[in-house]
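Here's the letter readout for the chains.
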Amino acid sequence: MSKRKRAGSALLCGLLVSTALAACGGSESGEPANGQVTLDYWLWDDNQQASYQACADAFHKENPTITVKITQTAWAQYWQNLTTQLAAGEAPDVWTNQVSYYPQFVANQQILDIQPYVDADKIDLSQYQEGLADLWTKDGKRYGLPKDWDTEAIVYNKEMVDKAGVDLSDLTWNPTDGGAFEQAIAKLTVDTKGRNGLHPDFDKDNVAVYGYLPEWNDGSQGQNGWGELAAANGWTYLDKNPWGTRYKYDDPKLIETIGWYKALTDKGYAPRFDKQSTLGIDAVMNSGKAALTIAGSWTINTYMGPDAKQKFALAPLPVGPVGVRKSAINGLSDAIWAGTKNKDAAWKWVKYLASPACQDVVAANAVVFPAIKTSTEKALAAHQAKGRDVQVYVDYTKTPGGTFLLPITDHGTEISQIVQDALQAVILGQIEPAEALKKANQEVNALFG
Amino acid sequence: MHAVETRLDQPAGLRGRERRRRDDRLVGWLFLLPVIVGFIVFYAYPTVRGVWYSFTDYSLLNDPSFVGGENYRELVGDEQFWNSLKVTASYVVVNIVSQTVVALGLAALMHRLTRSVVLRATLLVPWLVPNVTIGLLWAWLLDPDLGFVNHLLGLAGIDATLSFTSPAWAMPLVALVNSWAYTGYTALLLYAGMLQIPQHLYEGAAIDGAGEVRMFRSITLPLLRPILALVLVVSLIGSFQIFDTVAVVYGGKPPIPEARVIYYYIYQQAFTYFHMGYAAAVAMVLVVILGVLTTVQMRMLRASRSDLG
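The structure displayed is predicted, hence computed values, not measured ones. (Residues numbered from 1 in each chain as written. Chains lettered and ligands numbered in written order. Predicted model: local features only at pLDDT ≥ 70, side-chain atom pairs only at ≥ 80, totals over all residues.)

**Focus on the overall build of chain A**
- Counting secondary structure elements, chain A contains 17 helices and 14 strands.
- For a compact globule of 449 residues, the expected C-alpha radius of gyration is about 22 Å, and chain A comes in at 24 Å, within 12% of that figure.
- Projected onto its principal axes, the C-alpha positions of chain A cover 80 × 50 × 45 Å.
- When each of the 449 residues of chain A is scored for burial, the buried share is 48%. (Helix = DSSP H or I, 4+ residues; strand = E, 2+ residues; numbered from the N terminus. Rg over C-alpha atoms; globule rule 2.2 N^0.38 Å. Buried ≥ 20, exposed ≤ 12 C-beta atoms within 10 Å, placed from the backbone.)

This is how it looks when you write it as structure tokens:
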């Protein structure tokens, strides 16, 4: 396959004699020439490129023979670019990996098993937040070391919440009447005549400010809303995680949760699906047309940075029937390409990325929470220094059972579409939750044969 | 087709002239060479590969393995595939009908009323805007929460939400947005066709007492038929290839099922699910559909013959 491609590109090079000959060498840049090695490293988050450039510079100082070249590609194109590069045999030596996408690469033997390196260098896996290191293992093989993590919290418009006099700091929720969470949402919803959602004359067809702006474009995981509440209702995604093969989308606990969301839109406390902006949750929050939403810690800079048009603050997710606040915890890692010519150099870089030396640098820039516990504390301090209280995101990791992992299985992207379509039909009122989710679950499990 | 026939019909000429013609042909091929190379490298070869992939299981990362007609068998029972075909068909109908009718009207107005260059240029403006910009523009205008159009509707007391997330409105809106973008261009093509119609026919008709409507029906439409057929075929094929607008107005996320057109489905199968073989099979079905549609249209409209005679 790749040999044929090489021959093709050699031919093309021959045809284009007039162009600089050096260009034909292109892909060979990673080859050790007089002991010098250049590693290609890919990431998608432009907010973090500076942090990792700082890491790369420090790494180069320690290892003068290895230079790291960072390429940033937007999330929307990242996985396509990576996959086509892999298919062409020209992939980056090391890339930032994500749980939904990596099973595909594991299945096609594209990621290097680093367990032997981890054993040889005696990497202390207990330095990371619990559970994060295990995300990247399958059948005794290890495909990455934890890089950072994120959890979820309620992001609210401070002015609206103060005006309505609601306290969001210790909410409860259940799928039957919505508990204190629904009361707060109702109070925060205001119709065009200024009456809130609890007023007897509240006009649900003419709402000026929605109490809750749910993320409906949330795939199969509901990481920014329904997934958390369903988990707080005692639901789990599948038989075992990671690498389960039976999903449980037809579980009554999830059906109840989705039913509650549907009721919320019927009551006018949340926008109907077809009235929901396609411009993104943050655009609507910034326009002041909704009072609260549930968002991940990676959006801290969106809502609390200098560009936010409203004053936002954070509150913990409500306590559900299971008795604790539940947040999804999700992490990233760095993967080494199985086809790299510089395995040892790539491992050195990955090890450096997963060490306090680099993660403290990332922490200081206060964008995400690094995976190493001590670095997390440093990130927290850096946020505080910027005047942002983001403690709620960290608290889940300190309560037993406060976090749950997102599903890691094969067919992730297809499942995402199936569940997304089913939930959309429910919210539009085209089908009952139980029926839609039962059908979706059959389709999902059929993928595993 | 025509040109070749005439040439064959010609009586055999002098030997010298024949040789010269052969020389011309050689030079002709030489001039065609760059295009032929491009055609083979960028069209013919990928098409052949596409046909092959449609019979394989290929994830982009593994080596394609031959599975026979498995992909096509799966297609028959694939609800999503049939849904996206249906969605695309309804898009094409709304898009082509609205675009052609309005363009025909505009072209007739330009032809009979004014020949202002400024006006003609203005008509082309939406066509000059890149499609991605058009998508973004209308995504903002038609946003249910923050959009200007729905704000106006609200002021007018109309309780309808025109949005791309509304199952009822999604597809018509996408179709109308594209009609808006392409009508000017289509009108210009039709206008160019109308310019070929001899002026004396209109003068004669006017003397006979025909009104504008009658002239349009009895002169413009019949004599425009070959151009109209060409425009229809080209815009029909273009219309089937709807992708960019749908990809853009949903902010890069997958569109709702009611707007998931066939090209988006192919793209999704190929580059989101990495089912290259299956995506190739869907693409092949689309090739057949377009081929049949084009042939039928050409036949029905007798496109290669003009009544001008």
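**Notes on the overall build of chain B**
- What chain B contains, in helices and strands, is 13 helices and two strands.
- Each principal axis of the C-alpha distribution contributes one length, and for chain B these read about 65 × 60 × 30 Å.
- Across chain B, the fraction of contacts at a sequence separation of at least 24, relative to all contacts at a separation of at least 6, is 71%. (Contact = placed C-beta atoms within 7 Å.)

**What to know about the environment of A107 of chain B**
All names here are of chain B.
- Within the element layout of this structure, A107 appears in helix 4 (residues 79-112).
- The spatial distance from the C-alpha of A107 to the C-alpha of G184 is 8.9 Å, given a sequence separation of 77 residues.
- Not counting the four nearest positions on each side in its chain, A107 is found in contact with A187, L190, Y191 and M194.

**Quick notes on the domain arrangement of chain A**
Residue and element names in this part refer to chain A.
- By domain assignment, chain A separates into domain 1 (2-10 + 17-148 + 332-385) and domain 2 (152-329 + 388-446).
- With centres defined by C-alpha atoms, the gap from domain 1 to domain 2 works out at 33 Å.
- Each partner contributes residues to the interface: domain 1 has 16 residues there, and domain 2 has 18 residues.
- Counting only elements with at least two residues in the side of domain 1 that touches domain 2, the list comes to helix 4 (102-107) and helix 14 (373-385).
- In terms of residue count, helix 14 provides more of the side of domain 1 that touches domain 2 than any other element does, three residues in total.
- Residues belonging to the side of domain 1 that touches domain 2 are distributed by class as follows: nine nonpolar, six polar and one charged. (Domains from an automatic or database assignment. Nonpolar A, V, L, I, M, F, W, Y, C, P; charged D, E, K, R; others polar.)

**Considerations on the sheet that holds strand 11 (residues 312-315) of chain A**
All names here are of chain A.
- Read across the sheet, five strands follow the order 8-9-10-7-11 without closing on themselves; strand pairing throughout is mixed. Edge positions in the open sheet fall to strand 8 (190-191) and strand 11, since each of these has one partner strand only.
- The pairing of strand 9 (residues 207-212) with strand 10 (residues 290-296) spans two bridges and is classified as parallel. From the neighbouring strand, Y212 faces strand 10, where its bridge partner is L292. (Pairing = 2+ DSSP bridges.)

**Things to note about the packing of helix 12 (residues 262-272) of chain B against helix 13 (residues 276-300) of chain B**
Residues and elements named next belong to chain B.
- Across the interface, helix 12 lies against helix 13 with an axial gap of 7 Å and an inter-helix angle of 160 degrees. Relative to helix 13, the element helix 12 is oriented roughly antiparallel. Where helix 12 crosses over helix 13, the two elements pack in a sense that is left-handed. For the pair helix 12 and helix 13, the contacting residues are I262, Y265, I266, Q269 and A270 in the first and M276, Y278, A279, V282, A283 and L286 in the second. (Axes fitted to C-alpha atoms, helices over the stretch in contact; angles between N-to-C directions. Parallel < 35°, antiparallel > 145°, perpendicular 65-115°, else oblique. Left-handed = near helix turned anticlockwise from the far one by under 90°.)

**Some thoughts on the confidence of the model for chain A**
Residues and elements named next belong to chain A.
- When pLDDT is averaged along chain A, the result is 89, and 92% of the positions lie at 70 or above.
- Per-residue pLDDT, averaged within each element of chain A, yields its smallest value for helix 1 (residues 2-15) (41) and its largest for strand 7 (residues 152-157) (97).
- Counting interchain partners and residues more than four positions distant, the pLDDT-below-50 stretch residues 1-31 has 13 contacts. (pLDDT = per-residue confidence, 0-100.)

**Remarks on the confidence of the model for chain B**
Residue and element names in this part refer to chain B.
- When pLDDT is averaged along chain B, the result is 86; 91% of the residues meet or exceed 70.
- Note that residues 1-14 has pLDDT below 50 and, in this model, two contacts with residues that lie over four places away or in other chains.
- Scored by ipTM, the complex comes to 0.77, with pTM at 0.82.

**Points about the interface of chain B and chain A**
- Residue-level contacts link 28 residues of chain B with 29 residues of chain A.
- Of the residues that constitute the side of chain B that touches chain A, the class distribution is 15 nonpolar, nine polar and four charged.

**As for the domain arrangement of chain B**
Residues and elements named next belong to chain B.
- What the domain assignment reports for chain B is domain 1 (13-66) and domain 2 (73-300).
- In this structure, domain 1 and domain 2 have C-alpha centres spaced 31 Å apart.
- The interface is formed by 10 residues belonging to domain 1 together with seven residues belonging to domain 2.
- Those elements that provide at least two residues to the side of domain 1 that touches domain 2 are helix 2 (15-53) and strand 1 (56-57).
- Per-element tally for the side of domain 1 that touches domain 2: the top contributor is helix 2, with three residues.
- For the side of domain 1 that touches domain 2, the residue count by class is five nonpolar, four polar and one charged.

**Here's the deal with unusual backbone geometry**
Residue and element names in this part refer to chain A.
- Looking along the chain, the bond that leaves N241 and enters P242 is cis, with omega of -5 degrees.
- Within the secondary structure layout, P242 lies in the loop between helix 8 (226-232) and helix 9 (252-266).
- Positioned with a positive phi, K122 is a non-glycine residue whose angle comes to about 50 degrees.
- Within the fold, K122 resides in the loop between helix 5 (115-120) and strand 4 (137-138).
- Assessed through the 6 C-beta atoms surrounding it within 10 Å, K122 is described here as exposed.

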